[in-house]
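Topology and contacts: notes
Residues per chain, in single letters:
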Amino acid sequence: MSSLKKLLEKKKYIKISLKKMVTKHLELDAEINGVKGRFILDTGASNSCVGLDMIEFFKLDAVESDTKAAGAGATDMETQQSENNTLKIGKWKTKKSHLVLFDLTHVNAALTQHDAEEVHGIIGADILEKGKAVIDYNKHVLYLRKLKK
């Protein structure tokens, strides 16, 4: 066992396996409100996001948002938001996940152009910060610290 893994387990971190996509993005499985999905791990995304077409799929209560989204070559996109969602990544869980909803068509089009599978959304810096994330790029592992109740 690596010394990093030992240290993090002692500090109540949960190990989550990541998969490297052909695009070099790191992918992970997560559940939103009990529904499983596939997500890109994106340290550059300030918020975790799901596609606007996933509102019913993930059982989200969505409301209009004044915030405009930008990213992956698209700017000034209309967004909605959804508060207090249950997000589970491996054995790590939060019941207060805020999600930004916007059109992920351009993201998935870029992925499929490179023969990668489409994703349901993006896990961003908000969750990484909440879980005091440590990413081991070499071993394709994400560690998130268990939240206090």
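Just so it is clear, the structure is predicted and the values come from calculations on it, not from any experiment.

**Some remarks on the pairing of strand β13 (residues 141–145)**
Consecutive side chains along a regular strand alternate between the two faces of the sheet. The element β13 is extensively covered by neighbouring structure, given that four of its five residues are classed as buried. Pairing analysis gives five bridges linking strand β1 (residues 13–17) to β13, with the strands arranged antiparallel. Bridging across to β13, Lys-15 finds its partner in Tyr-143. Where strand β12 (residues 134–136) and β13 come together, three bridges link them in antiparallel fashion. Residue Val-134 lies in a different strand from β13, and its bridge partner there is Tyr-143. Here β12 folds back onto β13 in antiparallel fashion, the turn holding four residues, of which His-140 has a positive phi close to 55 degrees.

**Examining the pattern of salt bridges**
The full count for this structure, using the stated rule, is four salt bridges. The partner of Glu-9 in a salt bridge is Lys-5, with the nearest N and O atoms 3.9 Å apart. With Glu-9 and Lys-5 both in helix α1 (residues 3–10), this residue pair falls four residues apart, about one helical turn. The shortest N-O distance in the salt bridge between Glu-27 and Arg-38 comes to 3.7 Å. On the criterion of sequence distance, the pair formed by Glu-27 in strand β3 (residues 26–32) and Arg-38 in strand β4 (residues 35–41) is long-range, its members being 11 residues apart. Summarising the burial analysis for this pair, Glu-27 and Arg-38 share the class buried. In this structure, a network of salt bridges that share partners links the residues Lys-19, Glu-27, Arg-38 and Glu-117.

**What to know about unusual backbone geometry**
We note that Asp-115 has phi near 60 degrees; this positive angle belongs to a residue other than glycine. When you line up the elements, Asp-115 lands in the loop between α2 (105–113) and β11 (121–123). A relative accessible area of 72% means that Asp-115 is categorised as exposed. One non-glycine residue with positive phi stands out, namely Lys-132, at about 45 degrees. Position of Lys-132 relative to the elements: it lies in the loop between α3 (125–130) and β12. Judged by relative accessible area, which is 48%, Lys-132 ranks as partly exposed.

**Here we look at the sheet that holds β12**
If you walk across this open sheet you meet the three strands as β1-β13-β12, and the pairing is antiparallel. Edge positions in the open sheet fall to β1 and β12, since each of these has one partner strand only. Sheet twist, expressed as the average angle between the axes of neighbouring strands with direction ignored, equals 20 degrees.

**Topic: α2**
Burial in α2 covers these residues: Val-107, Asn-108 and Leu-111. One face of α2 carries all of its buried residues, which in axial projection span an arc of 90 degrees. Across α2 from its buried face, at more than 90 degrees, point the exposed residues Thr-105 and Gln-113. Once α2 ends, the next one or two residues include Asp-115, with phi positive near 60 degrees.

What counts and how
Residue indices begin from 1 for each chain and proceed along its sequence in written order. Whole-chain, interface and lining totals are the exception, using all residues; otherwise, since this is a predicted model, local features are given only for residues with pLDDT of at least 70 and side-chain atom pairs are given and counted only at 80 or more. Side-chain measures here rest on the full set of heavy atoms in the structure, leaving out hydrogens and waters. Each residue gets one of three labels from its accessible area relative to the maximum for its type: buried under 20%, exposed over 50%, partly exposed in between, using a 1.4 Å probe on protein chains only. Strands are runs of DSSP state E lasting at least two residues, helices are runs of H or I lasting at least four, and both sets are numbered from the N terminus onward. If DSSP finds at least two bridges between two strands, the strands pair. For this analysis, a salt bridge means a side-chain nitrogen from Lys or Arg found within 4 Å of a carboxyl oxygen belonging to Asp or Glu. Lines fitted to the C-alpha atoms define the axes, with helices restricted to the stretch that makes contact. Angles between their N-to-C directions range from 0 to 180 degrees. This arc is built from the directions going out from the helix axis to the C-beta atoms.

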